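# Close look at the chain arrangement
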Amino acid sequence: MKTPLIHRVNTVRRLLNLISTLIVIAVASLVVSAQQPDPSIKATQVFGKVSEINSSAGHITIKTAAGSTVVASVNEKTTYQRMPPGETDRTKAEQTSLTEITVGDGVVARGFVAADKKSVPAQQIIVVSQSEIAKKNQTERMAWARGAKGIVSSLNPSTKEVTVTSRSLAGAPQAVTVALSDKARIKRFPPDSIPRYENAKAGKFEDIKVGDQFNAKGEKTPDGLHLNAEEVLFGTFKVAGGTVTSIDAANGQIKINDLQTRKPLTIVLKPESVIRRLPENMMMAMGGGMGGPGGANGTGPRPQGQGQGPGQPQGQGQTAQGPGPQGPRPQGQGGPGGPGGAGGNGPRPGGGSMADLLERFPTISINDLKVGDTVLLSSLAGSDPTQLTAIQMVSGVEPLLAMMAARQQQGGQPRPQNVDLNGSFGGMFGGIGVP
């Protein structure tokens, strides 16, 4: 009778030892995780943005990009310098003072950081004005807008040239050949993420593939057909579309019936995701015959079918050219590759590119979506084929789908399910990820 008892005791002891070991491992993992260093906090400096200023106490509260908070203590011996945005040459710094620093400014506090990483007695404060950062960002955005954006249609490895194609609102392809010299900065977006400029990783020409979404900044030739790239951003994007079947606003998710596979697809909407709605008056301004909301008259609810009868495709093709004050299709209406084409005059009614059109759509929230809405969205390809994380989403796109279906019609039915979403709308999401 003793042997079974001893066996049970030993078994219990082994189980207790195993549980103790697992607890120790779990605690150790938590400790290691909690001790992961913030890259913005070094032994002798902290950099981030000013979140609070207490001049009387001599405190500047700094919030890092990772969310850490560090209080910089300043006194009469602390020196202050202001640097232009993006500048690293210290000889270009100007003297400033605590009273000229504002919340939102970029800041570097130099001094010996406390062991708990919560404070630093600052010997020197270097700031970059929030307003100057905004001006620099606006200049950068304009430079990207003047560049080339769209879908990679061909590659020439021997010359390191990329042909980027987008579509004008009239449906005409717009192609720009982008030359990548050894000095060009090449960056790519990792999969399953929201593409943000600061998260782009270094890439190389060999990483670029036909079908990738591509943005290039640089100098265009006068005819707008070629661009010498200073910097490029690219990623393997997927364009999906479908009808909304359910909405979970609390968890930031919607479900759609995929237009092409006709299978359920879960769409994750993160705080960084941008949702837009196609305004009815915009499509009517481009021409009521497009079959926009309410049909040709612009009255009534959203159309129940994307093809409104045999006469509609012809009307769609005509109105996409933008009749009205501009007359027929404007000459140089965007030219190859980007807003305003080589002239850089910006988008015009009926002209410009699909990406230009997207920027005019008003933004909405997930709470503005409704079951039954038809949406298009862009996403970086991920590991789960049944789920996509939306980068940009557009609701109320039935007129665009009908327009593209009509253009693609080659003896078949102009049904939205037959629309090549990546080919037709990939260039529409071309402005993502730029600064």
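This write-up is about the structure you can find in this document. If you're wondering where the values come from, they're calculated on a predicted model, not measured in any experiment.

Cut-offs and rules
Residues numbered from 1 in each chain as written. Predicted model: local features only at pLDDT ≥ 70, side-chain atom pairs only at ≥ 80, totals over all residues. Heavy atoms only, no water. Phe/Tyr/Trp six-rings, centres within 6.5 Å; stacked < 30°, edge-to-face > 60°. Helix = DSSP H or I, 4+ residues; strand = E, 2+ residues; numbered from the N terminus. Buried < 20%, exposed > 50% of the residue type's maximum accessible area, 1.4 Å probe, protein only. Pairing = 2+ DSSP bridges. Salt bridge = Lys/Arg side-chain N within 4 Å of Asp/Glu carboxyl O.

## Points about the packing of aromatic side chains
For the structure shown, the criterion picks out one aromatic pair. Ring geometry for F189 and F237: centres 6.4 Å apart, planes at 80°, overall edge-to-face. One end of the pair, F189, is in the loop between β12 (185–188) and β13 (201–202); the other, F237, is in strand β16 (residues 237–248), with 48 residues separating them in the sequence. With respect to burial, F189 and F237 carry one shared label: buried.

## Structural notes on the sheet that holds strand β18 (residues 264–268)
What the eight strands build is an open sheet, ordered β20-β19-β23-β21-β16-β17-β18-β22; its pairing is mixed. Strands with a single pairing partner mark the edges of an open sheet, and in this sheet they are β20 (363–364) and β22 (387–389). Across six bridges, the pairing between β16 and strand β17 (residues 253–258) is antiparallel. Paired with I247 across the bridge in β17 is I254.

## Looking at unusual backbone geometry
Although it is not a glycine, K117 sits at a positive phi angle of roughly 60°. Located in the positive-phi region is R262, a residue other than glycine, with phi close to 60°. Tracing the backbone shows R262 in the loop between β17 and β18.

## A short note on the pattern of salt bridges
All chains considered together, the criterion is met by nine salt bridges. For the salt bridge of R185 with E231, the shortest nitrogen-to-oxygen distance reads 3.2 Å. Of this pair, R185 sits in strand β12 while E231 is found in strand β15 (residues 226–235), placing the two residues 46 residues apart along the sequence. Residue E231 is classed as buried on the basis of its relative accessible area of 1%. The shortest N-O distance in the salt bridge between E231 and K217 comes to 3.7 Å. Within this pair, whereas E231 is found in strand β15, its partner K217 is found in strand β14 (residues 213–220), the two being separated by 14 residues in sequence. In terms of burial, E231 and K217 fall into one category: buried. Several salt bridges converge on common partners, so that one network encompasses E140, R185, K187, K217 and E231.

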